[in-house]
Amino acid sequence: MATWNTILLQDSASPLMEQLSFFHNHALLILFMITVLVGYLMGTLFFNQFNYRFLLDGQTIEIIWTILPAVTLIFIALPSLRLLYLLDEVNNPLVTIKTIGHQWYWSYEYSDFMNFEFDSYMIPLTEMKPQNFRLLDVDNRVIVPFNSQIRMMVTAADVIHSWTIPAFSVKIDATPGRLNQISFLINRTGLFYGQCSEICGANHSFMPITVESISPSFFTKWISKMNNL
Amino acid sequence: MPAALKSTDVLQTAPFDPRFPNTNQTRYCYQSFLDFHRCQKVKGADYKPCDYFKKAYNSLCPNAWIERWNDQLEGGNFPGSV
Ligand SMILES: [Cu+2]
């Protein structure tokens, strides 16, 4: 259901997404101040009665209103660059999970330990249970340990897809013939949802991603159980 | 890191490799595959340290790629020089 929450960013579940939310709010605050200032100036210019026909230039004010926006831009650019490089940082990963985009489902491979893989299809409307989210829940979730550095290797088998989880600030194209890497750290348990974000054909809207974040000890148990299947 | 993970040596994966600092890791996967077979060629099939590369390419490469390359190796039409 669409609620007012959907106009905002999702709640963050990773330190990087938290930083991105802060940056978003910071930039939005600056935008708001500029809008108010410019709106006020335009309003007063419309309605004031002062006029001076021979006014051609005012060096002082022009210097001020050239430098001030430049300073404002620096206040946006520096935190932005900091985040850009922070997002690129590859920390020493604990697990590597491979995901392959197909028309129209994701498949996952865990090969650090033994080697197992599964496909993850959306639960169709007709088979939905009351607790499922429409168009978001899948039959086999990606199980991931929290508080651990995860490395995702993303690729595709047919056309370009895009693997996305907004709560972790993850969005990366799955390109056939190319392996893309992204790393993230989840700081809590829970279910996190995302959708394919590169238009990939008829069922593009029906290949969601569901991540289940569990504690590392349960994750190791799950791994050994899956290996014994 | 939780103690539960440190105690088990189950959770281990290919480390960050400074030769491949970018988002594109295609080369890391391929190079590891190549290195494994080169290592085996030089040191023989049951030389334990070669398994490092095997673990690396198994962690990184999609299984479909590994299968295709193995088929090519068997068929003698693998494009890389092992
Ligand atoms: Cu897709």
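Analysis parameters
- Residues numbered from 1 in each chain as written.
- Chains lettered and ligands numbered in written order.
- Predicted model: local features only at pLDDT ≥ 70, side-chain atom pairs only at ≥ 80, totals over all residues.
- Heavy atoms only, no water.
- UniProt positions renumbered as here; feature names shortened; annotations may be inferred.
- Helix = DSSP H or I, 4+ residues; strand = E, 2+ residues; numbered from the N terminus.
- Rg over C-alpha atoms; globule rule 2.2 N^0.38 Å.
- Buried < 20%, exposed > 50% of the residue type's maximum accessible area, 1.4 Å probe, protein only.
- Contact = heavy atoms within 4.5 Å.
- Areas by Shrake-Rupley, 256 points an atom, 1.4 Å probe, with all protein chains shown as cover.
- Phe/Tyr/Trp six-rings, centres within 6.5 Å; stacked < 30°, edge-to-face > 60°.
- Donors = N, O, S within 2.8 Å, 3.2 Å for Na, K, Ca; no water.
- Tetrahedral: all angles 85-135°; square planar, octahedral: opposite > 155°, others 65-115°.

Per an unreviewed UniProt entry, chain B is named Cytochrome c oxidase subunit, and its organism is Popillia japonica. What UniProt records for chain B under Function (unreviewed entry) is the sentence "Component of the cytochrome c oxidase, the last enzyme in the mitochondrial electron transport chain which drives oxidative phosphorylation."

Going by the annotation in an unreviewed UniProt entry, the name recorded for chain A is Cytochrome c oxidase subunit 2, with Popillia japonica given as the source organism.

Q: Help me understand the overall build of chain A in this model?
A: Along chain A, the regular secondary structure elements total three helices and 10 strands. Traced from its N-terminal end to its C-terminal end, chain A shows the element sequence α-α-β-β-β-β-β-β-β-β-β-β-α. By the compact-globule yardstick of 17 Å for 229 residues, chain A is too spread out, its C-alpha radius of gyration being 24 Å. The principal-axis extents of the C-alpha atoms in chain A amount to approximately 85 × 40 × 35 Å. Each of the 229 residues in chain A was classed as buried or not, and the buried ones make up 39%. Pairs at least 24 residues apart make up 65% of the contacts formed inside chain A by residues separated by at least 6 positions. Carbon and sulfur atoms make up 64% of the accessible area of chain A, which totals about 13,900 Å².

Q: Help me understand the packing of aromatic side chains in this model?
A: Within a pair of aromatic rings, the relevant descriptors are the distance that separates the centres and the angle that separates the planes. All names here are of chain A. A complete count under the given rule lists 24 aromatic pairs over all chains for this structure. Aromatic side chains Phe133 and Tyr193 sit 5.2 Å apart centroid to centroid with 85 degrees between the ring planes, which places their arrangement in the edge-to-face category. Here Phe133, found in the loop between strand E3 (116-120) and strand E4 (142-145), pairs with Tyr193, found in strand E9 (residues 190-195); they are 60 residues apart in sequence, far enough to count as distant. Taking relative accessible area as the criterion, Phe133 reaches 46% and is therefore assigned partly exposed.

Q: Help me out: how do you make sense of the coordination of the copper ion in this one?
A: For a metal bound by four donors in a tetrahedral arrangement, the ideal donor-metal-donor angle is 109.5 degrees, while six donors in an octahedral arrangement ideally sit at 90 or 180 degrees. Residue and element names in this part refer to chain A. Every protein donor of the copper ion is accounted for by His161 (ND1), Cys196 (SG), Cys200 (SG) and Met207 (SD), and the metal-donor separations fall at 2.0 to 2.6 Å. One way to put it: the four donor atoms around the copper ion meet at angles of 95 to 126 degrees, and that makes the site tetrahedral. In the primary structure, the donors to the copper ion are separated according to the pattern H-x34-C-x3-C-x6-M. Residue Cys196 is classed as buried on the basis of its relative accessible area, which comes to 6%.

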